[in-house]
Amino acid sequence: MNNKFDALKDDDSGDHDQNEENNTQKDSEKEKNDREKPQSSTKRKAVVPGPAEHPLQYNYTFWYSRRTPGRPTSSQSYEQNIKQIGTFASVEQFWRFYSHMVRPGDLTGHSDFHLFKEGIKPMWEDDANKNGGKWIIRLRKGLASRCWENLILAMLGEQFMVGEEICGAVVSVRFQEDIISIWNKTASDQATTARIRDTLRRVLNLPPNTIMEYKTHTDSINLPGPGDRGSLTTVEDRGTQRGQLYF
Amino acid sequence: MSGRCCPGQTPSRDIPGPGKRLALPDGAPLPPGAYSTTPGGTVFGTTPGGTRIIYDRKFLMECRNSPVAKTPPDLPDIPGVTSPNVEESKIENNHVQNYEKVSVGEEEQFDMDI
């Protein structure tokens, strides 16, 4: 049963020591809440809802990544640049993380927040993503924080009604615009992608003429943008003139 | 070319609505393992994809103020992203302000029930 945790451990080796250091500061609280802390030991423990908390349908993990501009992004450096922030199992645990992270609109540079189901890496190569794709919505500056919050609340609350199809969501902060996207497992499943699109419209309150772009991860791999290896969100870095959303 | 009468077209259908939701007082306990009686969310035995734990935005926002939600988590120290110590109070204040502003003002549309 520990397979997925082991797999995740592989790609955040750089963060691991840091996490442990942080954890030692809170020994007293640690005992009490031990099971809520996925990074608190080398053997990751299952994250479960605490007593009287509201369980989520799935556990989710927050990730953060930042790219140094102009540097080619290889698979390796992508994995080095992405950091796990933490995993939660309940509504209350979600807010603990969310309330103690900056909002995407306040991020600087070429940065992304990823919120994925626990065990799914925010990478095309992950088994859950390799046949998948994503809906992309481009946002003018100033909208990312609000749209991201609405997007992830809808995802956590199972508003998309597409079974197991949702993998995660990403907000990408770029120079002239921000992009939010939601990833699903099966790019070829049109009923699912249509339902995700319609739910996005509803939960983000998008005007009917909003341009939304669906991109399969296969296309993202085969048509990478300049200087972008693209495990993150390739499409966001090219063609920024196209489909820009100003609502 | 081969098809004469738009064979590829399927009539579009409405997505089944999420059904009824229950509003709960803040912090109401959830009986463990008794999902069919979940007070906090609405669970459907017959939704596409099986039983789901569903919460609407309004309910999730209400949980934001619970004591657990306010307890600082263990965060990796990422400058400018996580602020475990120094800027904590400042960030929390911002959140409260944002939340209040949002709920009073521009986002009333999210209160509408689907």
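Residues numbered from 1 in each chain as written. Chains lettered and ligands numbered in written order. Predicted model: local features only at pLDDT ≥ 70, side-chain atom pairs only at ≥ 80, totals over all residues. Heavy atoms only, no water.

Successive side chains on a regular strand alternate, one facing one side of the sheet and the next facing the other. Residue and element names in this part refer to chain A. Burial analysis of strand β3 (residues 111–117) places seven of its seven residues in the buried class, the great majority of the element. As paired strands, strand β1 (residues 55–66) and β3 are joined by seven bridges and run antiparallel to one another. Residue R66 lies in a different strand from β3, and its bridge partner there is S111. As paired elements, β3 and strand β5 (residues 166–173) share six bridges and run antiparallel to each other. Paired with D112 across the two strands is S172, which belongs to β5. (Buried < 20%, exposed > 50% of the residue type's maximum accessible area, 1.4 Å probe, protein only. Helix = DSSP H or I, 4+ residues; strand = E, 2+ residues; numbered from the N terminus. Pairing = 2+ DSSP bridges.)

Here the focus is the pattern of salt bridges. Scanning the entire structure with this criterion turns up eleven salt bridges over all chains. The partner of B:R52 in a salt bridge is A:E158, with the nearest N and O atoms 3.0 Å apart. Taken together, the positions of B:R52 in the loop between β1 (42–43) and β2 (53–54) and A:E158 in the loop between α6 (144–156) and β5 put the pair across two chains. Of the residues examined, B:R52 reaches a relative accessible area of 3% and is grouped as buried. Taking the relative accessible area as the measure of exposure, A:E158 reaches 7% and is therefore buried. (Salt bridge = Lys/Arg side-chain N within 4 Å of Asp/Glu carboxyl O.)

With that settled, the discussion passes to the confidence of the model for chain A. Residue and element names in this part refer to chain A. Averaged over all residues, the pLDDT of chain A equals 78, while 69% of them reach at least 70. Below pLDDT 50 for its whole length, residues 1–42 participates in 72 contacts with residues either more than four positions away or in separate chains. In the predicted structure, residues 225–247 sits below a pLDDT of 50 and forms 85 contacts with residues beyond four places in sequence or in another chain. (pLDDT = per-residue confidence, 0-100. Contact = heavy atoms within 4.5 Å.)

We now examine the packing of aromatic side chains. All names here are of chain A. Applying the stated criterion to the full structure yields 13 aromatic pairs over all chains. Taking 6.5 Å as the distance between ring centres and 85° as the angle between the ring planes, the aromatic pair formed by Y58 and Y60 counts as edge-to-face. Cluster of aromatic residues (ring-pair linked, three or more members): Y58, Y60, F62, F88, F94, W95, F97 and Y98. (Phe/Tyr/Trp six-rings, centres within 6.5 Å; stacked < 30°, edge-to-face > 60°.)

Residue and element names in this part refer to chain A. Here strand β7 (residues 213–216) shows a clear split, with E213 and K215 buried on one side and none of Y214 and T216 buried on the other. Looking at chain direction, strand β4 (residues 133–140) and β7 are connected through four bridges and run antiparallel. Looking at β7, one finds that I136 is bridged to E213.

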